[in-house]
Amino acid sequence: MSLSALIGVFIGAALINNFVLSYFVGICPFLGVSRKIDTALGMGLAVTFVITVAGFLSWTLTEFVLRPGAPLASAVWRMLGGEGGADLSVLSYIAYIFVIAASVQFVEMYVKKFFPPLYKSFGVFLPLITTNCAILFACLLIMKEVVGGNWGLAESLTLPIFGGLGFTLAIVLMAGIRVELDLADVPKPLRGAPIAMLTAAILALAFLGFTGMGASLKQALTPAAAEPPAAVAAVEVQR
């Protein structure tokens, strides 16, 4: 894939098709850990790390084991006496969940050892990254593009990295707004979860402004076709 296409992938993952504000995945930590900016930033970076590791491992498993005709799975299948190539894509959900769980466990041990206050502030939401549907969504999207023959390793890493950074941007913006809301005179019926949901909805509407940016960016990054020389054009007209 060209550099322009990679630029389209990372801008799309971070802004245009933001996981939280466009696809509405990863809502639980987005609402639960967005009360303080530092905690939100830590959660965003943790999710970015996990989703990047999971994306790399997902591409590896999909390319060599899970997709139809994958080399490792097909080699084992032929060793067992089977004919043709193997197709283990039915196991993709199970494989990706194990990959995500292992990545989250590594992050949890690291944060607990080196950043105890941050680990305490995360509470139950750090181990719940395992069930963060944004990570599984990225893995399944990678599988779809790899099986379709559209993506390689570069695209499969670009999506989770900038998708995670887009998640970080969204949760930090939400935390900054909620910090200001604590100082605002919010009507009593809207305090707590209602005003948080309304704020998230308005933030999602704001990100809709990036929707038309995708086609314009693709057009700007696509090189224009070279025009034929004037002499050749004149000959074509004479014919």
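Residues numbered from 1 in each chain as written. Predicted model: local features only at pLDDT ≥ 70, side-chain atom pairs only at ≥ 80, totals over all residues. Heavy atoms only, no water.

Draft legend 1. Summary view of the overall build of the protein chain. Of the regular secondary structure elements, the protein chain holds 11 helices and zero strands. Of the regular secondary structure in the protein chain, the N- to C-terminal order runs α-α-α-α-α-α-α-α-α-α-α. Of all intrachain contacts in the protein chain linking residues separated by at least 6 positions in sequence, the fraction that spans at least 24 positions is 72%. Surface exposure of the protein chain reaches about 13,500 Å², of which carbon and sulfur atoms provide 71%. (Helix = DSSP H or I, 4+ residues; strand = E, 2+ residues; numbered from the N terminus. Contact = heavy atoms within 4.5 Å. Areas by Shrake-Rupley, 256 points an atom, 1.4 Å probe, with all protein chains shown as cover.)

Draft legend 2. Highlighting unusual backbone geometry. One non-glycine residue, F24, lies in positive phi territory at about 60 degrees. With respect to the element layout, F24 can be found in the loop between α1 (3–16) and α2 (27–32). Note on F24: relative accessible area 52%, which makes it exposed. (Buried < 20%, exposed > 50% of the residue type's maximum accessible area, 1.4 Å probe, protein only.)

Draft legend 3. The packing of aromatic side chains, seen in detail. Scanning the model with the defined rule gives seven aromatic pairs in all. Considering the side-chain rings of F19 and F137, the 5.6 Å spacing of their centres and the 80 degrees angle between planes classify their relative orientation as edge-to-face. Here F19 is found in the loop between α1 and α2, whereas its partner F137 is found in helix α7 (residues 133–147), with 118 residues between them in sequence. The buried category is assigned to F19, whose relative accessible area is 2%. Looking at F137, the relative accessible area reads 24%, which means it is partly exposed. Ring centres of Y110 and F114 lie 4.9 Å apart, and the angle between their planes is 45 degrees; this geometry places the pair in the tilted category. (Phe/Tyr/Trp six-rings, centres within 6.5 Å; stacked < 30°, edge-to-face > 60°.)

Draft legend 4. Inspection of α7 at higher detail. End to end, α7 covers 21 Å across 15 residues, agreeing with the expected 21 Å (1.5 Å per residue, within 8%). Every buried residue of α7 is accounted for by A134, I135, A138, C139, L140, I142, M143, E145 and V146. Against the buried residues of α7 lie α3 (37–66), α5 (92–114) and α8 (153–181). Capping of α7 at its N-terminal end is provided by N132; its side-chain oxygen lies 3.0 Å from the backbone amide nitrogen of A134. Phi for G149, located one or two positions after α7, is positive at around 75 degrees. (Expected span 1.5 Å × (residues − 1). Polar contact = N/O pair within 3.5 Å; in protein donor to acceptor, adjacent residues only side chain to side chain.)

Draft legend 5. Representation of the environment of I161. Considering the arrangement of structural elements, one finds I161 in helix α8. On the basis of relative accessible area, I161 is assigned to the partly exposed category, the value being 31%. Measuring from C-alpha to C-alpha, the distance between I161 and A14 comes to 8.9 Å, with 147 residues separating the pair along the chain. Sequence-distant contacts of I161, defined by excluding residues within four places in its chain, comprise T48 and T52.

Draft legend 6. Spotlight on the side chain of T39. Of note, T39 is situated in helix α3. Exposure remark for T39: the relative accessible area of 10% places this residue in the buried category. Those residues within four positions of T39 in sequence are excluded, and the remaining contacts are V33, L118, S121 and F122.

Draft legend 7. Inspection of the side chain of S156 at higher detail. Assignment of secondary structure puts S156 in helix α8. Taking relative accessible area as the criterion, S156 reaches 1% and is therefore assigned buried. A distance of 2.8 Å separates a polar side-chain atom of S156 from the backbone oxygen of G152. Leaving out residues up to four positions away in the same chain, S156 has contacts with G55, W59, I142, V146 and W151.

Draft legend 8. View of the pattern of salt bridges. Tallied over the entire structure, the rule returns one salt bridge. Between R67 and E63 there is a salt bridge, with its nearest N and O atoms 3.5 Å apart. Judged by its relative accessible area of 21%, R67 is partly exposed. (Salt bridge = Lys/Arg side-chain N within 4 Å of Asp/Glu carboxyl O.)

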